[in-house]
Amino acid sequence: MSKTTSKSTPSTASTASAVVQRMSGSRSAMHGLRHNSDWPAPRLVARSDKSNRPDQDNSIKANEYLDEEFVLDAKLAIVAALLAKSKHTCAYSGAGLSKSSGIPDYATKSSETIVDAPKLASVTDAQPTFAHLSLVALERGGLLHSWVNQNHDGLPQKAGFPQEKLNEIHGAWYDPSNPVVQFDESLRHDLFNDMLEIEEKTDLCLCLGSSLSGMNADRVAKTPAKKACKEPPKALGTILINLQQTALDAKCTVRIWARLDDAFKKLLQLLSLEISPFARPVFGTDSFVIPYNAEGKRDWSVRTTLYLAPGAKLKVCHPQARNLGRVGVVTKKDREGHWDIKLEGDRYRNTLGTWWVSGALKGTFDWIPMVNVGARAVPAPPTSVEPPSAATTTSPSSSATSSSTSTTPSKPSTTPAPPKPPAETSTLTSSSTATSTSPTAASKPPTTSTTTTSAVLPAAITVIQGHKTRKTDDHSWDLKLDAASCPFVQSVTWELHPTFEPPSITIDKPPFCLKRIGWGTFKVGVRVQLKPAHGSRVITGKHELTFDSEGESAATTQLAL
């Protein structure tokens, strides 16, 4: 692929206090196709004589520029209007998105860079930036529909972005079935096909922190830009937010020069959106009963145990994985709750992100990354049948496309399945989130109401905690079951701290809501009895009371069936 070198060079303009150096070049290269003649050129804030990506034959200098404040405001107003108009907006992100989290990038060369970044003991300690959280807010607001991420860092999922809407095209640190792709290696077939579908349907691209130096995936940003340049325009185009110049600048609908976190703070204000605390599932067990067969494919007619305790053996099962069949051993759970796995013959760390387990419990993905060696599936309860919509639910980063399903995963060996917990032991997950995580909601189209009564026994019972901090410095909180769980439940018994009177309460009317006021947090025991039609089974577990978030759905806990 040919590379284009920008001819823009800094120029100078005198002010009362200092000499300001500015970019020179065409107005479209400085501001995009929607430029205004009143806008001054971007201001040079960090000089570099080095090329930003010489390793990719990109000779554009790594200078950093900023828009004036009033120009940035005007450009973001245009972006807000385009987001409201778009039918399919895709984010396309490069290493610049994660730089302020402490993960180094390739393109920054200036010693005077204006991006502040913490020093990390390990890159896996990085936390989502405001820009990551903002993209989650856009998705929850219905303004962002997909995300093609060049980065491997898992920060989108740590911020709460749905794994099923994310394409980690260059590999992922938190998906053992998607190892990092080196520059001379091929992209995973199903992810590439999914990227082509996204490219085709995207009418607006948010290109964030990428040097656009010629990667195959750059098509996600380039194609909407080319379509917008046609007469009449065939797309809304590409919004490019970056500090450095790129070869695509003059073809962008809006070209923004800003720190990503600063730009998104302004954009969310324009859209009246707020970020919410990012979801971080915390599991009280390493054993999970999931609606997948022994090969790792979603199958609502069976249940399989995914066992992730240290020493458990697993194998990569995704049929499109380049390392299909590779066996590994769980070594430990890291401090964020993810499972570290040592794959045979691999010197790099492999980790299974907690979001894969959360999604597997709900049957979100067509395929999960790994299954236990010798896994065995058992029939699901009689009422647990596949939801009508399940066949239409796909995951770009966890499912093979229809054109690439010929590869069949290997059959499990005949070695005994890993030990399972007693039948009455529940699987527990807690997350701080502003939205309900109903077990069946993720496997149905967004237009389907989660309050509709269904004959489908969910893969898990979901407990929802509401919370409000009172002016008296204590807390009003409540616990209930989500609407999707209620039709199957006869009663719920809540076991409270012994300082409450009474400490045990049984409720037999949906949504089985308990309301209390207190000042401290503790683990609430939960005993759910299913209706006779479902065998009067008893499910037990604990909910970790938390006051970290406010709202009707401040936290959730899932008890697997």
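This structure is a prediction, so every number in the text was calculated from the model and none was measured.

K.L.:
Would you take a moment to explain the pairing of strand β30 (residues 551-560) for this structure?
P.N.:
Regular strands have side chains that alternate between both faces of the sheet. Counting buried positions over the 10 residues of β30 gives 8, a clear majority of the element. Pairing geometry for strand β23 (residues 460-469) and β30, over 7 bridges, is antiparallel. Following the sheet pairing, V463 is matched in β30 by T557.

K.L.:
Please explain the packing of aromatic side chains as it appears in this structure.
P.N.:
Aromatic ring pairs are described here by two measures, namely the spacing of the ring centres and the angle between the planes. Inspection of the entire model under this criterion finds 8 aromatic pairs. For the ring pair Y174 and W355, a centre distance of 5.3 Å and an interplane angle of 55 degrees mean the geometry is tilted. One end of the pair, Y174, is in the loop between β9 (166-167) and α5 (189-201); the other, W355, is in helix α8 (residues 354-362), with 181 residues separating them in the sequence. Taking the centre distance of 6.2 Å and the plane angle of 75 degrees together, the rings of W477 and F522 count as edge-to-face. One end of the pair, W477, is in strand β24 (residues 475-481); the other, F522, is in the loop between β27 (514-518) and β28 (523-530), with 45 residues separating them in the sequence. Classification of W477 by relative accessible area gives buried; the value is 1%. Owing to a relative accessible area of 11%, F522 belongs among the buried residues under this scheme. By the ring-pair criterion, three or more aromatic residues cluster together here, those being F283, F288 and W339. The ring of W257 is capped by R255, whose NZ or CZ atom sits 3.5 Å from the centre of that ring.

K.L.:
Is there a simple way to explain the sheet that holds β28 in this structure?
P.N.:
Strands pair in a sheet through their backbones, by hydrogen bonds, and they do so in one of two ways: parallel or antiparallel. Ordered in space as β26-β25-β28-β29, the 4 strands form an open sheet in which the pairing is antiparallel. With partners counted over all chains shown, the strands left at the sheet margins are β26 (504-507) and β29 (538-544), one partner each. Mean inter-strand twist for the sheet, computed between neighbouring axes without regard to direction, equals 20 degrees. Bridge count for β28 against β29 is 7 bridges, and the pairing is antiparallel. Pairing of V526 across the sheet is with G541, part of β29.

K.L.:
Teacher, can you tell me more about the nonpolar core here?
P.N.:
One recurring pattern in soluble globular proteins is that nonpolar side chains are buried together. Grouped together as the largest cluster of nonpolar side chains are 38 residues, with contacts concentrated most on L83, L135, L138, I239, I256, F264 and L267. Secondary-structure elements contributing two or more residues to this core are α2 (69-85), α3 (130-140), β10 (204-208), β11 (237-241), β12 (254-256) and α7 (260-271). When residues of this core are assigned to their parent elements, the largest contribution, 8 residues, is made by α2. For F264, the residues in contact, after removing those within four places along its chain, are F130, A131, S134, L135, L138 and L208.

Thresholds applied
- Residues numbered from 1 in each chain as written.
- Predicted model: local features only at pLDDT ≥ 70, side-chain atom pairs only at ≥ 80, totals over all residues.
- Heavy atoms only, no water.
- Buried < 20%, exposed > 50% of the residue type's maximum accessible area, 1.4 Å probe, protein only.
- Helix = DSSP H or I, 4+ residues; strand = E, 2+ residues; numbered from the N terminus.
- Pairing = 2+ DSSP bridges.
- Phe/Tyr/Trp six-rings, centres within 6.5 Å; stacked < 30°, edge-to-face > 60°.
- Lys NZ or Arg CZ within 6 Å of the ring centre and 35° of its normal.
- Axes fitted to C-alpha atoms, helices over the stretch in contact; angles between N-to-C directions.
- Core = buried A, V, L, I, M, F, W, Y, C linked by side-chain atoms within 4.5 Å.
- Contact = heavy atoms within 4.5 Å.

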